[in-house]
Amino acid sequence: MKVIKIYFLIVSVLLLGACGEYLDVTPDNVGTIDYAFRNRNEAENYLFVCYSTMQQMAGPARNAGFTASGEIIYPTNLTTIQIDDITGFNLIRGTQSAGSPGLNYWDGENYGLAIFKALRRCNLMLENIDKPADLSPSEKNRWIAEINFLKAVYHFYLMRMYGPIPIIDSNLPINSSTEEVRVKRAPVDDVVEYIVGLLDKAAQDLPSSIVRESTELGRATSTIALALKAEVLTLAASPLFNGNPDYVSFRDKEGQALFPSEYDENKWKLAADACLEAIEISESNGGKLYSFNAPGTIGQLSDSLYRVLTIQNAVTEEWDENPELVWALNGYFPYQGFATPRMTSQSVINAFSNPSTFSVPIEMQEIFYTSNGVPINEDKTWDYEGRYSNMVNGDKENRFYIKEGYTTISAHFDREPRFYASVAFDGGIWFGNGVLDQNKAYHVEARGNSSKAGPKDLIRLNVTGYWPKKLVHYQSVYDDGFQQVNFRLPLIRLSGLYLLYAEALNEYQGPTEEVYHYVNLVRERAGLPAVQDAWSSFSKFPDKFTTKEGMRSIIHQERRIELCFEGQVGWDLRRWKELQDVLSKPLRGWSIYDKDPVNYYQPITRVNPVFGLKDYLWPIKSDNLVRNPNLVQTPYW
């Protein structure tokens, strides 16, 4: 499926973005609105403005699924902060408050986006869609469908953060009463029904794929709409929203329950049906799991490196070369330099061009399987107890994963290919960075401040000794400065849909051959044996995959591995109600200032996360509750 690239023309119509809060009764800039819809071209510009807030969501620092998942630590002891904003990264440190919420998408504050303003613009578009006399009926229908899709996106983003939210189906008229202006939260099930209705309507009049790629890539398609519908219904079926006892007493001022009190298994069937529909339309348009197509500049590749590049490029490949990409946003991923270690002498001299500060905690690298395809603490053939105390030299057999002759820990050996594709570590091979000969590939040296990748100052250091390699295009070069090959971080990949479908089916029916099939499609691409074979042969719990609970655990770990660092896992952990468990333990790194491997490989706490029950949903800023007495605060805030 070809996806998102929008070269939007944000022109003078942008001043409409300053129309004030969505609760304003009197519309601003009436004359400007009339001008904006005087003909087709001006109206199209306004349509692109309606897209603009969604496009800004491409910035991963705005996404709590990326910053507050426990997958990446951003150091707070730096003398210079080089990222746009660290509000999201600090949420796991207990900085959230009702007085000034971080990533406040309700008000558009603290690096959050003003989603209610975006909804106001969408409703204005629908109100004025009949004004351009030169707009054809077919194009008008498509534009209406695009606006319905955008309204669904904006409501979904709010629901994912706040749970029950006001439904903004239309803008308030001029003569609205004070009470009408004071909107209130709608029950979660009503919000889901509204979003799904918008997506169903949108899908009817959206193209299934973009044909005129040079001018229209990035606009909504029915494939994207149906994939988002699958995400919405899966969220609604998940433990956070489906009969969650923590929210059973959450009611509005009139006593209406805002969360369903009873668990509804049928919600998983609705989610499964939606996932299958999204998979089928994606595959009918050429969607399939990505495999690396080596350019002529690359020589012979070992099977192991080919697998690594397939896994990496499933994320970093451009949309027109990646049939797995269902949906991404226009903005390029801006932080490759934060995810790249220094590997050359010249890069050390030019360290100012690459902060290298995205630090993967030890706990994150532990979720990746062994080479047998089971968790490291379950594999009866793998030395789990000695994983950090045993020092081992890289050998010829593993030379495409670990530098031959380099001393590292046994934990870095006999891991699945997704580990080597996703995480860079001391002694690990880094194919690319300008060297495309597998026999001359760079490796990471991270021990001590005299090593290339080790700490040099309090501006450019990695505090754990692990980097999110998956977030760097293999052709990006860090040597004499940093030259990156751009990519767009996916929002939905086909592999994610496969696992989402397997999850929904397992929750509704228990483990079946179809559940195994879709999980095994992803595992096969990753070079792993089928679930049944892996657990039967290598796990201390050989029957784990035969129960719903066991298969649930397997699927959850598969998603955390397959989608790591993509801004998805944090939201999964929330909807599963598992983020509190993940962030209940210290996030650790290695003793990065020590050169000797025995001393370097000593775990040190880098962050003691703060995450409680109240943190699953965002608080509404306290000031809003004073201005609007119909609103109720999120539970536990």
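Residues numbered from 1 in each chain as written. Predicted model: local features only at pLDDT ≥ 70, side-chain atom pairs only at ≥ 80, totals over all residues. Heavy atoms only, no water.

Engineer: Help me understand the packing of helix H2 (residues 40–56) against helix H6 (residues 137–162), please; the structure alone is not making it clear to me.
Structural biologist: Pairs of packed helices are described in terms of their axes, by the angle between the two and the distance that separates them. The interhelical angle for the contact between H2 and H6, taken along N-to-C directions, is 20°, at an axis separation of 10 Å. Accordingly, the angle class assigned to the pair H2 and H6 is roughly parallel. H2 and H6 meet at a crossing whose hand is left-handed. Contact with H2, carried on its side by Arg40, Ala43, Glu44, Leu47, Cys50, Tyr51, Thr53 and Met54, involves Glu139, Trp143, Glu146, Ile147, Phe149, Leu150, Val153 and Tyr154 of H6 and no other residues of that element. A per-class count over the contact of H2 with H6 returns 11 nonpolar, 1 polar and 4 charged. (Axes fitted to C-alpha atoms, helices over the stretch in contact; angles between N-to-C directions. Helix = DSSP H or I, 4+ residues; strand = E, 2+ residues; numbered from the N terminus. Parallel < 35°, antiparallel > 145°, perpendicular 65-115°, else oblique. Left-handed = near helix turned anticlockwise from the far one by under 90°. Contact = heavy atoms within 4.5 Å. Nonpolar A, V, L, I, M, F, W, Y, C, P; charged D, E, K, R; others polar.)

Engineer: Looking at this structure, how should I read the environment of Ile224?
Structural biologist: Here Ile224 is to be found in helix H10 (residues 222–237). Here Ile224 falls in the buried class, since its relative accessible area comes to 1%. The spacing of Ile224 and Ala203 is 21 residues in sequence and 8.6 Å in space, taken between C-alpha atoms. (Buried < 20%, exposed > 50% of the residue type's maximum accessible area, 1.4 Å probe, protein only.)

Engineer: What should I look at first to understand the nonpolar core in this one?
Structural biologist: Note on soluble globular proteins: their nonpolar side chains tend to be buried together. Core analysis: the largest hydrophobic core is formed by 187 residues, its most contacted members being Phe149, Tyr154 and Leu497. Considering each element in turn, this core owes the most residues, 14 residues, to H6. With 12 residues, the next largest nonpolar core counts Leu301, Phe400, Ile429 and Ala441 among its residues. (Core = buried A, V, L, I, M, F, W, Y, C linked by side-chain atoms within 4.5 Å.)

Engineer: Can you walk me through the packing of aromatic side chains in this structure?
Structural biologist: For any pair of aromatic rings, the description rests on two quantities: the centre-to-centre distance and the angle between the ring planes. Tallied over the entire structure, the rule returns 40 aromatic pairs. Judged by centre distance (5.4 Å) and plane angle (20°), the ring pair of Phe419 and Phe425 falls under stacked. Note on accessibility: Phe419 and Phe425 belong to one class, buried. Ring geometry for Phe431 against Tyr474: centres 6.4 Å apart, planes inclined by 20°, an arrangement best described as stacked. Of this pair, Phe431 sits in the loop between strand E5 (429–430) and strand E6 (442–443) while Tyr474 sits in the loop between strand E7 (466–467) and strand E8 (477–479), placing them 43 residues apart in sequence. For the pair shown, Phe431 and Tyr474 are each scored as buried. Through pairs of rings, three or more aromatic residues link up here, namely Phe66, Tyr74, Phe89, Phe333, Tyr335, Phe338, Phe358 and Phe487. Stacked on the ring of Tyr111, the Lys or Arg Arg62 has its end atom at 4.1 Å from the ring centre. Taking the ring centre of Tyr157 as reference, the NZ or CZ of Arg160 above it sits at 4.8 Å. (Phe/Tyr/Trp six-rings, centres within 6.5 Å; stacked < 30°, edge-to-face > 60°. Lys NZ or Arg CZ within 6 Å of the ring centre and 35° of its normal.)

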